[in-house]
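# Structural characterization, general
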Amino acid sequence: MQTLVIAPILIPLATATLTALFWGRPGIQRGIGLFGALALLAATGALLAQALGGNVMAVQMGGWAAPFGIAIVIDLLSAIMLAIAGLMAVAVAVYAMGPGADERDKSGFQPLFHSLMLGVCGSFSTGDLFNLYVWFEVMLIASFGLLVLDRTKEQLDGGLRYVMLNLVGTTFFLLAVGLLYGLTGTLNLADLARVAPTVENQGALAAVGALLLVAFGAKAAVFPLFNWLPAAYHTASMPVAAIFAALLTKVGVYAIIRLFTLVFAHDTAFFGPMFQVVAIATMVTGVLGAAAQSDIRRILSFHIISQIGYMLVGVALLTPLALAGSVLYLIHHIVVKANLFLIAGAIRRESGSFALARLGGLWIAKPLLAVLFLIPALSLAGLPPFSGFWSKLAVIQSGLQAEAYLLAGAALLVGMLTLYSMTKIWNEAFWKAAPGGDTPGPRWSRGQKFACYAPIVALAGVTVTIGLWTEPFAAAAMQAGEMLLDTDGYIAAVLGEQRLAQLPTPNLIQLETIP
Amino acid sequence: MPRILPPARPIRKPRSPTLEPFLALTIGLLVAASVYLFLARDLPRNLIGFVLLSTAANLGILVSGRIGSMAPPLVARGADAVVADAANPLPQALVLTAIVIGFGLAAFALTLIVKSHRQLGSVRPEDMALAEPQNTEQNRRAIEQKEAA
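A quick note: this is a predicted structure, and the numbers were derived from the prediction, not measured. (Residues numbered from 1 in each chain as written. Chains lettered and ligands numbered in written order. Predicted model: local features only at pLDDT ≥ 70, side-chain atom pairs only at ≥ 80, totals over all residues.)

### Here's the deal with the overall build of chain B
Keep this limit in mind: Secondary structure is summarised from DSSP: a helix means a run of H or I of at least four residues, a strand means a run of E of at least two, and numbering begins at the N terminus for each. Note on burial: count the other C-beta atoms lying within 10 Å of the residue's C-beta; 20 or more is buried, 12 or fewer is exposed, in between is partly exposed, and C-beta positions come from the backbone. Contact between residues is assigned whenever the C-beta positions, reconstructed from backbone atoms, fall within 7 Å.
Per the secondary structure count, chain B includes four helices and zero strands. Looking at chain B as a whole, 24% of its 149 residues are labelled buried. In chain B, the proportion of contacts linking residues at least 24 apart, taken out of those at least 6 apart, comes to 56%.

Listed below in structure tokens is the structure:
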């Protein structure tokens, strides 16, 4: 079990190293990269199967016992996020073999891409706050490199904005880590969860929580810290934009869910209303920003922001259903959003532009692409029978149950405005007559076409599967939501018998019954 | 040998009460200077602001581990715990990691600034609003022309 738990970290590390060794040999790099991505998917799938059994898997690195060493902890939420990250790695690794692969690989796409996966998987599996900071940095430095891969002027400008904001964000994170250590004397997440409610100075603890919220919020692009995202994402090359859209902001969301269900859960009275306001503002500003745009990539970038709001409903309400809704929303959103960016790349390839004004007639010219666009687009807006419907349903229902009517109402309204944005792309790019004078894009080789369309078809298939066969996904999300609220189970799994040795006896008997 | 968890607040009272307020003031000063530099419309200044801010964060970690004891955290021969009243080694390990990471990030940001200075001829963000042009009719037409070319 030990090896399996750290496999999602080891596999991208090995892949990144090997692809870096074969610098300048794109063919070999691509082979290794695809193999590494497939191995990651297999390993994370096996982990998910284990985690669905209901136990929290914890491994202490180097054999140093829990609160002292670095703990790698996989609970169901981590396993779900890892599996979906594995799926994205495969989809993007295949897509990146499409048009433009040679230029990308010469600039070092493969090592950077797998380093990014290393940072993402590390963030999802660690059980230690400082270690989370380190994984964030791994992810960040790889994403800096990926963003300016082509070194165009737009990318340099967008990249600088992204880099500057993230530098400040991570420093805030570091500051919060220091303050939290000063308050509690520990940085192990499970140990923090044990100690946090007993800290005398709860005001200072809440301030640290707010600082962490700023740091993770900047990463997750929540209101009002989202400006870097629409400034940077659309400049990246399409496979890069797709993996960014799928995973980068979600790591921030994951960190928020992890910290605020585990360490700051006892302070719901302070953070709950704050999260509600942030969630509503994020949803509304994102969708309104998208309405004003006329470039497919920028419309999609603003929709990432608006959807982040839905994922925060779970931490705002802290009920099992709300957290399950957030988890289901994460799964759905990662698949759908990555797919929309991949489709935007295909549209660009087929018709030479991202600007809606210059597009048109794709419904006649490329009916398959049109159908493939409709599936994730309608899913994003939350129409049945796609995945977005069920995740929105869970989020809104949890809002109504918790009597947070404003939150539920905003979620409904934003869903409608999302549909408006998606129909805008549909009308302009697919239905409108082609503006003429557009020369068709360069001819594809058969392999390029396959590399471009296979991931799109596969991800659309996942969206439809979640939509039509929701039961296992919803059940897993419900289980993850309940596990997130069961902090005692998490603490016991990580600290093990040590904690039992330390706590007064009454808890001993209760704890032994927890698996 | 079973290890025992440290109590919730394991850290001893500082021995030298004068140093902590001084360090706190230093951190405050560094943060103020970095905020001032972040407000400048000039990327190299912003970067120096980041360096100052990460220094402040590193000092913060060091202070939160409590300062005072000068005894090195070593385990005496035959003993199974560090010597009594030893200095706290963890914040130093954390700060060391953070310094390395901060240095790497600053180096990368500096290269990016140099590169954009060469390509765009400016280090002022408002001169390089290429990624996010104002959404005016004129700009849109310029972009479309560029794409058509």
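### With respect to the overall build of chain A
Quick note on the threshold: This radius of gyration counts C-alpha atoms alone. The globule rule is 2.2 Å times how many residues there are, raised to the power 0.38.
Summing up its helical and strand segments, chain A has 24 helices and two strands in all. In summary, chain A has a C-alpha radius of gyration of 22 Å against a globular reference of 24 Å for 515 residues, a match within 12%. Seen through its C-alpha atoms, chain A measures out along the principal axes to roughly 80 × 55 × 40 Å. Within chain A, contacts between residues separated by at least 24 positions form 79% of all contacts whose residues are at least 6 apart in sequence.

### Some words on the packing of helix 6 (residues 129–147) of chain A against helix 11 (residues 238–262) of chain A
Residue and element names in this part refer to chain A. As a reminder, the rule being used: Axis lines are fitted through C-alpha atoms, for helices just across the contact stretch, and the angle between N-to-C directions can take any value from 0 to 180 degrees. Working rule for angles: under 35 degrees goes down as roughly parallel, over 145 as roughly antiparallel, 65 to 115 as roughly perpendicular, anything else as oblique. Note on convention: the crossing is left-handed when the near helix lies turned anticlockwise from the far helix by less than a right angle, right-handed when the turn is clockwise. Throughout this entry, Asp, Glu, Lys and Arg are counted as charged residues, while Ala, Val, Leu, Ile, Met, Phe, Trp, Tyr, Cys and Pro are counted as nonpolar. The remaining residues, Gly among them, count as polar.
Remark: helix 6 packs on helix 11, axes separated minimally by 12 Å, with the N-to-C direction vectors making an angle of 160°. Considering their axes alone, helix 6 and helix 11 lie roughly antiparallel with respect to each other. Once helix 6 is placed against helix 11, the crossing between them reads as left-handed. Contacts from Leu132, Met139, Ser143, Leu146 and Leu147 of helix 6 reach helix 11 at Val240, Phe244, Leu248, Val251 and Ala255. When grouped by side-chain class, the residues that make up the contact of helix 6 with helix 11 number nine nonpolar, one polar and no charged.

### Quick word on the nonpolar core
Residue and element names in this part refer to chain A. Put simply, the rule is: Buried Ala, Val, Leu, Ile, Met, Phe, Trp, Tyr and Cys residues whose C-beta atoms connect them within 7 Å together make up a nonpolar core.
Core analysis: the biggest nonpolar cluster contains 240 residues, and Ile80, Ala85, Met88, Val177, Ala242 and Ala338 have the highest contact counts within it. With 20 residues, helix 15 (residues 320–351) is the single largest residue contributor to this core. Beyond its immediate stretch of four places on either side in the chain, Ile80 contacts Leu48, Val327, Ile331, Ala476 and Ala480.

### A closer look at helix 22 (residues 487–495) of chain A
Residue and element names in this part refer to chain A. Counted residue by residue, helix 22 has seven buried out of nine residues, so it is predominantly covered. For helix 22, the full list of buried residues reads Thr487, Tyr490, Ile491, Ala492, Ala493, Val494 and Leu495. Directly beyond the C-terminal end of helix 22, a positive phi value near 60° is found at Gly496.

### Brief notes about the environment of B:Asp42
All names here are of chain B. With respect to the secondary-structure elements, Asp42 resides in the loop between helix 1 (19–38) and helix 2 (43–64). Along the backbone, Asp42 and Ile67 are 25 residues apart, and their C-alpha atoms lie at a distance of 37 Å. Every residue in contact with Asp42, bar those within four places of it in the chain, is listed here: Val123 and Arg124.

### Points about the confidence of the model for chain A
Residues and elements named next belong to chain A. For clarity, the threshold we go by: Confidence of the predictor in every single residue is expressed as pLDDT, which spans 0 to 100.
Residues with a pLDDT of 70 or more make up 95% of chain A, whose mean pLDDT is 88. Here helix 24 (residues 506–513) is the element of chain A with the lowest mean pLDDT, 30, and helix 5 (residues 109–125) is the one with the highest, 95. Per-residue pLDDT stays below 50 along residues 504–515; that stretch engages in nine contacts with residues further than four places along the chain or on separate chains.

### A look at the environment of B:Gly104
Residue and element names in this part refer to chain B. Structurally, Gly104 is set in helix 3 (residues 90–120). On the basis of neighbour count, Gly104 is assigned to the partly exposed category, with 13 C-beta atoms found within 10 Å. As for Gly104 and Ala87, which are separated by 17 residues in sequence, their C-alpha atoms are 28 Å apart.

### A short note on the packing of helix 6 of chain A against helix 7 (residues 153–184) of chain A
Residue and element names in this part refer to chain A. Between helix 6 and helix 7, the shortest axis-to-axis distance is 10 Å and the interhelical angle comes to 175°. What the angle tells us is that helix 6 and helix 7 run roughly antiparallel. Taken together, the residues of helix 7 that come into contact with helix 6 (itself represented by Leu129, Phe130, Tyr133, Phe136, Glu137, Leu140, Phe144 and Leu147) are Gln155, Gly158, Gly159, Tyr162, Val163, Asn166, Thr170, Phe173, Leu174, Val177 and Leu180. Considered class by class, the residues forming the contact of helix 6 with helix 7 number 13 nonpolar, five polar and one charged.

### Re the pairing of strand 1 (residues 57–60) of chain A
All names here are of chain A. Using the following cut-off: Pairing between two strands is assigned when DSSP locates at least 2 bridges connecting them.
The alternating pattern of strand 1 places Met57 and Val59 and Ala58 and Gln60 on opposite faces, both of which are buried. Across four bridges, the pairing between strand 1 and strand 2 (residues 71–74) is antiparallel. When the sheet's bridge partners are listed, Val59 is paired in strand 2 with Ile72.

### Things to note about helix 19 (residues 405–431) of chain A
Where we set the bar: Helix span, as expected, comes to 1.5 Å for every residue beyond the first.
Taking 1.5 Å of rise per residue, the 27 residues of helix 19 of chain A would be expected to cover 39 Å, and the 37 Å separating its terminal C-alpha atoms lies within 8% of that figure. For helix 19 of chain A, the set of buried residues is A:Leu407, A:Ala410, A:Ala411, A:Val414, A:Gly415, A:Thr418, A:Ser421, A:Met422, A:Ile425, A:Ala429 and A:Phe430.

### Some remarks on unusual backbone geometry
All names here are of chain A. Each neighbour pair has its own omega, and for Phe223 with Pro224 the value is 0°, a cis peptide bond. Mapped onto the elements of the fold, Pro224 is located in the loop between helix 9 (202–220) and helix 10 (228–232). Here Pro384 and Pro385 are connected by a cis peptide whose omega angle stands at 5°. Structurally, the position occupied by Pro385 is in the loop between helix 17 (367–381) and helix 18 (387–401). Within the chain, Ala221 stands out as a residue other than glycine whose phi angle is a positive 60°. With respect to the element layout, Ala221 can be found in the loop between helix 9 and helix 10. Positive phi values are uncommon outside glycine, yet Leu318 reaches one of about 55°.

### Quick word on the confidence of the model for chain B
Confidence along chain B averages 79 in pLDDT terms, with 74% of residues attaining 70 or more. In this model residues 1–10 of chain B is a low-confidence stretch, pLDDT under 50, and it forms 16 contacts with partners more than four residues away in sequence or in other chains.

### Focus: the environment of A:Leu485
Residue and element names in this part refer to chain A. You can see Leu485 is positioned in helix 21 (residues 471–485). On the neighbour-count criterion, Leu485 (16 C-beta atoms within 10 Å) is partly exposed. The sequence separation of Leu485 and Tyr453 amounts to 32 residues, and the corresponding C-alpha distance is 40 Å. Apart from residues lying up to four places away in sequence, Leu485 is in contact with Thr261, Pro320 and Leu323.

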